[in-house]
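Residue-level listing of the chains:
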Amino acid sequence: MRPFPLARVFTLIEPGPVVLLTTCRGDRANVMTLSWHMMVDFSPPLVACIVASALSARALDESGECVIAIPASGLARAVVGIGNCSGQRIDKFADFRLTPARAAAVAAPLVAECFVNLECRVIDETL
């Protein structure tokens, strides 16, 4: 994977694609489908999102870290499937044949099949 320039992150998020969000709690990684997000600043890039999935929300609250992975259209079936099941019952990475990859700056995994992975840290939990 090649690095993506931080100054250009808004070009990936601003059109509003459905994305995947990964978290890690202990040694348990999870991936969820995320469709409510928006750019709130460009430099540094700040993304606002709502994470309501119990498993992902707990992991995000505890770690303050996640990865926003932007899938290509070839992953559409997996993205829909991931959004329609719970990571409390299954390992979504295994069941949807996604490859977790080590991130450089956060504990949450990258999704190797996605063309961009944005390593994120929570800076504001305002609702």
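Given the structure is predicted, the values throughout are model-derived calculations rather than measurements.

How each quantity is defined
Residues numbered from 1 in each chain as written. Predicted model: local features only at pLDDT ≥ 70, side-chain atom pairs only at ≥ 80, totals over all residues. Heavy atoms only, no water. Core = buried A, V, L, I, M, F, W, Y, C linked by side-chain atoms within 4.5 Å. Buried < 20%, exposed > 50% of the residue type's maximum accessible area, 1.4 Å probe, protein only. Helix = DSSP H or I, 4+ residues; strand = E, 2+ residues; numbered from the N terminus. Polar contact = N/O pair within 3.5 Å; in protein donor to acceptor, adjacent residues only side chain to side chain. Contact = heavy atoms within 4.5 Å. Pairing = 2+ DSSP bridges.

Further remarks concern the nonpolar core. L21, V51, I68, I70 and L118 are the most contacted members of the largest nonpolar core, which has 16 residues in total. Taken together, the elements giving at least two residues each to this core come down to β1 (19–25), β2 (28–34), α2 (54–63), β5 (65–70) and β8 (116–121). In this structure, L75, V79, I82 and L98 belong to the second largest nonpolar core, which totals 10 residues.

Moving on, we come to the side chain of N117. Note that N117 resides in strand β8. Residue class for N117 comes out buried when judged on its relative accessible area of 16%. Separated by 2.8 Å, the side chain of N117 and the backbone nitrogen of V111 make a polar contact.

Turning our attention to the side chain of T22. Summarising the element assignment, T22 is placed in strand β1. Polar side-chain contacts of T22 include one of 2.5 Å to the backbone oxygen of P109. In this view, T22 contacts N30, V31, C66, V67, F93, A108, P109 and V111; residues no more than four positions away in its chain are not counted.

Let us now look at the pairing of β2. Of the pairings in the sheet, the one linking β1 to β2 comprises seven bridges and is antiparallel in character. Residue pairing across strands places L20 opposite T33, the latter belonging to β2.

The next subject is α2. Among all positions in α2, only L55, S56, A57, A59 and L60 are buried. Buried-residue contacts for α2 involve β1, β2 and β5.

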